[in-house]
Amino acid sequence: MVHHMIVDDFLDDFESFRPQCDDLNYSGVTSPVDGVFYPGISFEIPEKVKADVIKKLKKITGSIDNLWLFLRLSLDGVDVPHQAHNDASMGRYGMILYLNRPEHCKGGTSTVRHIKEGMKNGPENDQQMEVWKKDVNEYDQWDITEMIDMKPNRAWIFPTETMHRAEKPSNYGTDPKDGRLVMVGFWS
């Protein structure tokens, strides 16, 4: 079983991959899982980089089934659909790999717990679902239980039922060169 894990220097060839990210198409996508449009998504990841990610994840977790891998760019003025959320509908495990250059690293990702309900994983009943729907984008309704600081080429690997959010500033910059940029992976 995989628990929360931080892996620095994740990609072997980060230095040559990072500049390629500046010229990709981040037009966004409507998720087939939840029907929500997610801005700033790109699937244009070179095969060599995908192979490196798969190799590393297999070494860490033992096996990778049904890997879904994409880049996510979060720019100033573009709000995310869900702040505090989990990704259990996407797979059993997840990875967030920070792709920002050192001078553009701000914030990171936090694991969170709902202050009144105590929810730290996805909603487990109708009452928790209603609380989550009401407070998903209410920053002050959630306590930070762990902070993963953004650092270039740092991967955070986690069980997808974990409630988390991009930590402020969660969207910044004007383009892929200076905006918040991560590679996201989900697998079973």
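Coordinates for the structure precede this section.
Residues numbered from 1 in each chain as written. Predicted model: local features only at pLDDT ≥ 70, side-chain atom pairs only at ≥ 80, totals over all residues. Heavy atoms only, no water.

Colleague: I would appreciate a short explanation of the packing of aromatic side chains in the present structure.
Modeller: Aromatic ring pairs are defined here through the distance separating the ring centres and the angle between the ring planes. With the rule as written, the count across this model stands at 6 aromatic pairs. Ring centres of Y93 and W187 lie 6.0 Å apart, and the angle between their planes is 35°; this geometry places the pair in the tilted category. Highlighted residues: Y93 in strand β6 (residues 93-98) and W187 in strand β11 (residues 180-187), separated in sequence by 94 residues. Residue Y93 shares its accessibility class with W187, and that shared class is buried. Following the ring pairs from residue to residue traces out a cluster consisting of F43, W68, F70 and F186. Above the ring of Y172, the side-chain terminus of K106 is found at 4.7 Å from the ring centroid. A cation over an aromatic ring shows up here: R165 above the ring of Y139, its NZ or CZ 3.7 Å from the ring centre. (Phe/Tyr/Trp six-rings, centres within 6.5 Å; stacked < 30°, edge-to-face > 60°. Helix = DSSP H or I, 4+ residues; strand = E, 2+ residues; numbered from the N terminus. Buried < 20%, exposed > 50% of the residue type's maximum accessible area, 1.4 Å probe, protein only. Lys NZ or Arg CZ within 6 Å of the ring centre and 35° of its normal.)

Colleague: Could you clarify how one ought to interpret the side chain of D135 in this entry?
Modeller: With respect to the helices and strands, the residue D135 is situated in helix α3 (residues 126-135). Overall, the relative accessible area of 3% leaves D135 in the buried class. Beyond its immediate chain neighbours, meaning those up to four positions away, D135 contacts H114, Q141 and W142. (Contact = heavy atoms within 4.5 Å.)

Colleague: Honestly, the environment of I60 in this entry has me stumped. Any pointers?
Modeller: Tracing the backbone through its elements, the reader meets I60 in helix α2 (residues 47-61). Take I60: its relative accessible area is 28%, and that puts it in the partly exposed class. Put simply, I60 and I115 are 55 residues apart on the chain and 33 Å apart in space, counted from C-alpha to C-alpha.

Colleague: Quick question: what am I supposed to make of empty space enclosed by the protein here?
Modeller: Inspection of every chain in the model, using the stated rule, returns 1 cavity of 30 Å³ or more. Put simply, the largest cavity is a space of about 30 Å³. Around the largest cavity, the lining residues are P39, R72, L73, S74, V78, D79 and V80. Residue classes in the lining of the largest cavity are distributed as 4 nonpolar, 1 polar and 2 charged. (1 Å grid on protein atoms, 1.4 Å probe; cavity = no way out; pocket = protein on both sides within 12 Å on 5 of 7 lines; lining within 4 Å. Points joined across faces, edges and corners; volume = space filled by probe spheres on them. Nonpolar A, V, L, I, M, F, W, Y, C, P; charged D, E, K, R; others polar.)

Colleague: Before we go on, may I ask you to explain the layout of surface pockets in this structure?
Modeller: To find the voids left in a structure, one rolls a probe of water-molecule size over its atoms. If you add up the space inside the largest pocket, you get close to 860 Å³. Together, 42 residues line the largest pocket, and Y38, R72, H82, H85 and D87 are the ones closest to its centre. Of all the elements in the fold, those that place two or more residues in the lining of the largest pocket are β5 (68-74), α3, β10 (164-167) and β11.

Colleague: Where do I start with α2 in this structure?
Modeller: Note: α-helices contain 3.6 residues per turn, so residues at a spacing of three or four share the same orientation. The end-to-end C-alpha separation of α2 is 21 Å, in line with the 21 Å expected for 15 residues at 1.5 Å each. Of the residues making up α2, those classed as buried are V49, D52, V53, K56 and L57. Along α2, the residues classed as buried sweep out an arc of 125° about the axis, all on the same side. Pointing more than 90 degrees away from the buried face of α2 are the exposed residues E47, K48 and K59. Of the surrounding secondary structure, the elements contacted by the buried residues of α2 are α1 (14-20), β5, β6, β9 (155-159) and β11. Looking at the residues trailing α2, positive phi occurs at G62, about 100°. (Expected span 1.5 Å × (residues − 1). Arc of directions from axis to C-beta.)

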